[in-house]
Amino acid sequence: MNKVTVTDHPLIQHKLTLMRKQNTGSKDFRELLTEITMLMGYEVTKDLPLGDVEIETPVAKMTAKELTGKKLAIVPILRAGIGMVDGLINLIPAAKVGHIGLYRDPETLQPVEYYCKLPQDIGEREVLLVDPMLATGGSSVAAIQLLREKGAKNIRMVNLVAAPEGIAEVHKVYPDVDIYVAAVDERLNEHKYIVPGLGDAGDRLFGTK
Ligand code: PRP
Ligand code: URA
């Protein structure tokens, strides 16, 4: 069953409030998203396995810890997911980055795929699927389906703001995908926007509206 982890650290909540404000411009919005993603990365990577390694410090030999588990892939859902890549790749520089292009058709509200380029060894990697907004869950379910078709087995999602409806949808279709989110908001409105949310994440990131 999905584990939903709400990363409600005070710094994350404060920065998210700044992002939600309608007068926050694209530059600040981008910087805040990177900072929050980096802070969320601490929680998202908390259970990565460690092994022992023998090293020498300038003072003595010691048995130290290093990461030993599967390598990671960061996969943003375009466009808005791009805004969450820097924060994670700064923490995990060895991760590879795949891209999945989806947009929500304004009429049908169904996800439309237009791009998919993933690391060849995606099946061997732990995947962090990133998108600031989890609204109806349609885009996330489509992205997870694509990843599964390409061989990805272990997927966790990292979102900034989720609607209960979106979490329930991912939960229903992919009960084994864990979700990390900074806030779970009240609901979706009649246009399937998250309420109170922060508006259109892609437009706010890239200044397209
Ligand atoms: C937004 C958002 C998610 C999707 C969420 O992208 O970044 O990908 O909507 O909605 P859903 O859960 O109902 O599918 P959008 O389709 O606006 O595309 P964009 O990132 O290119 O602006
Ligand atoms: N996509 C967004 O960018 N915002 C929402 O609230 C819903 C979907």
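Remember, it's a predicted structure, so these values are computed and weren't measured experimentally.

### So, helix 4 (residues 138-149)
- Here helix 4 contains twelve residues, and its C-alpha end-to-end distance of 17 Å stays within 8% of the 16 Å for a straight helix at 1.5 Å per residue.
- Buried residues of helix 4: Ser-139, Ser-140, Val-141, Ala-143, Ile-144, Leu-146 and Leu-147, and no others.
- Downstream of helix 4 by a residue or two, Gly-151 has a phi angle that is positive, lying close to 105 degrees.

### Re the UniProt feature "binding site: 5-phospho-alpha-D-ribose 1-diphosphate" (unreviewed entry) in the protein
- If you check UniProt for "binding site: 5-phospho-alpha-D-ribose 1-diphosphate" (unreviewed entry), the listed places come out as Arg-79, Arg-104, Asp-131, Pro-132, Met-133, Leu-134, Ala-135, Thr-136, Gly-137, Gly-138, Ser-139 and Asp-200 in our numbering.
- Once you skip the residues sitting within four places of it in the chain, Thr-136 turns out to touch Arg-104, Glu-165, Gly-166, Glu-169, Leu-188 and Lys-192.
- Tracing the chain through its elements places Ser-139 in helix 4.
- Not counting residues within four places of it along the chain, the set of residues in contact with Ser-139 comprises Ile-77, Leu-102 and Pro-111.

### Here we look at the nonpolar core
- With 35 residues, the main nonpolar core has Leu-16, Leu-160 and Leu-198 as its most contacted residues.
- Contributions of two or more residues to this core are made by helix 1 (10-20), helix 2 (26-44), strand 4 (72-78), helix 3 (85-91), strand 8 (126-130), strand 10 (154-162), strand 11 (178-184) and helix 6 (201-206).
- Counting residues per element, this core draws most heavily on helix 2, which supplies six residues.
- When residues no more than four places from it in sequence are discounted, the contact partners of Leu-160 are Leu-16, Met-19, Leu-33, Ile-36, Met-84, Asp-131, Pro-132, Val-181, Ala-182, Ala-183 and Leu-198.
- In terms of nonpolar packing, the next biggest core, distinct from the first, is built from 25 residues, Ile-100, Ile-144, Val-170 and Val-181 among them.

### Some points on a nonpolar patch on the surface
- Taken together, the side chains of Val-4, Val-6 and Val-184 define a hydrophobic patch exposed on the protein surface, amounting to about 190 Å² of accessible area.
- Tracing the sequence through the fold places Val-6 in strand 1 (residues 4-6).
- The class for Val-6 is partly exposed, based on a relative accessible area of 38%.

### Considering the site of ligand 2
- The full set of residues close to ligand 2 is Arg-104, Met-133, Ala-135, Lys-192, Tyr-193, Ile-194, Gly-199, Asp-200 and Ala-201.
- At 2.8 Å from an oxygen atom of ligand 2 is found a main-chain nitrogen or oxygen belonging to Ile-194.
- In the model, a nitrogen atom of ligand 2 is placed 2.8 Å from a nitrogen or oxygen of the Gly-199 main chain.
- Contact with the protein chains hides 88% of the accessible area of ligand 2, taken as 240 Å² for the molecule alone.

### Some words on the pattern of salt bridges
- Counted according to the given criterion, the structure contains twelve salt bridges.
- A salt bridge links Asp-176 to Arg-148, with the nearest nitrogen and oxygen atoms 2.8 Å apart. Highlighted residues: Asp-176 in the loop between helix 5 (164-173) and strand 11 and Arg-148 in helix 4, separated in sequence by 28 residues.
- For Asp-176, a relative accessible area of 47% translates into the label partly exposed.
- Relative accessible area serves as the criterion here: at 25%, Arg-148 is assigned to the partly exposed category.
- Look at the salt bridges and you will find they share partners, linking Asp-47, Glu-126 and Arg-156 into a network.

### A closer look at the site of ligand 1
- By nearness alone, 15 residues border ligand 1, and Arg-104, Asp-131, Thr-136, Gly-137 and Ser-139 come closest of all.
- Within the side chain of Ser-139, one N or O atom sits 2.5 Å away from an oxygen atom of ligand 1.
- Alone, ligand 1 offers 510 Å² of accessible surface; in the complex the protein occludes 91% of this.
- At the level of elements, strand 6 (99-104), strand 9 (133-134) and helix 4 are the ones that each hand at least two residues to the shell around ligand 1.
- Tallied by class, the residues present in the shell around ligand 1 amount to six nonpolar, five polar and four charged.

The rules behind these values
- Residues numbered from 1 in each chain as written.
- Chains lettered and ligands numbered in written order.
- Predicted model: local features only at pLDDT ≥ 70, side-chain atom pairs only at ≥ 80, totals over all residues.
- Heavy atoms only, no water.
- Helix = DSSP H or I, 4+ residues; strand = E, 2+ residues; numbered from the N terminus.
- Expected span 1.5 Å × (residues − 1).
- Buried < 20%, exposed > 50% of the residue type's maximum accessible area, 1.4 Å probe, protein only.
- UniProt positions renumbered as here; feature names shortened; annotations may be inferred.
- Contact = heavy atoms within 4.5 Å.
- Core = buried A, V, L, I, M, F, W, Y, C linked by side-chain atoms within 4.5 Å.
- Patch = residues over 30% accessible without salt bridge, like charges linked within 9 Å, V, L, I, M, F, W, Y side chains within 5 Å.
- Areas by Shrake-Rupley, 256 points an atom, 1.4 Å probe, with all protein chains shown as cover.
- Salt bridge = Lys/Arg side-chain N within 4 Å of Asp/Glu carboxyl O.
- Near = heavy atom within 4 Å.
- Polar contact = N/O pair within 3.5 Å; in protein donor to acceptor, adjacent residues only side chain to side chain.
- Nonpolar A, V, L, I, M, F, W, Y, C, P; charged D, E, K, R; others polar.

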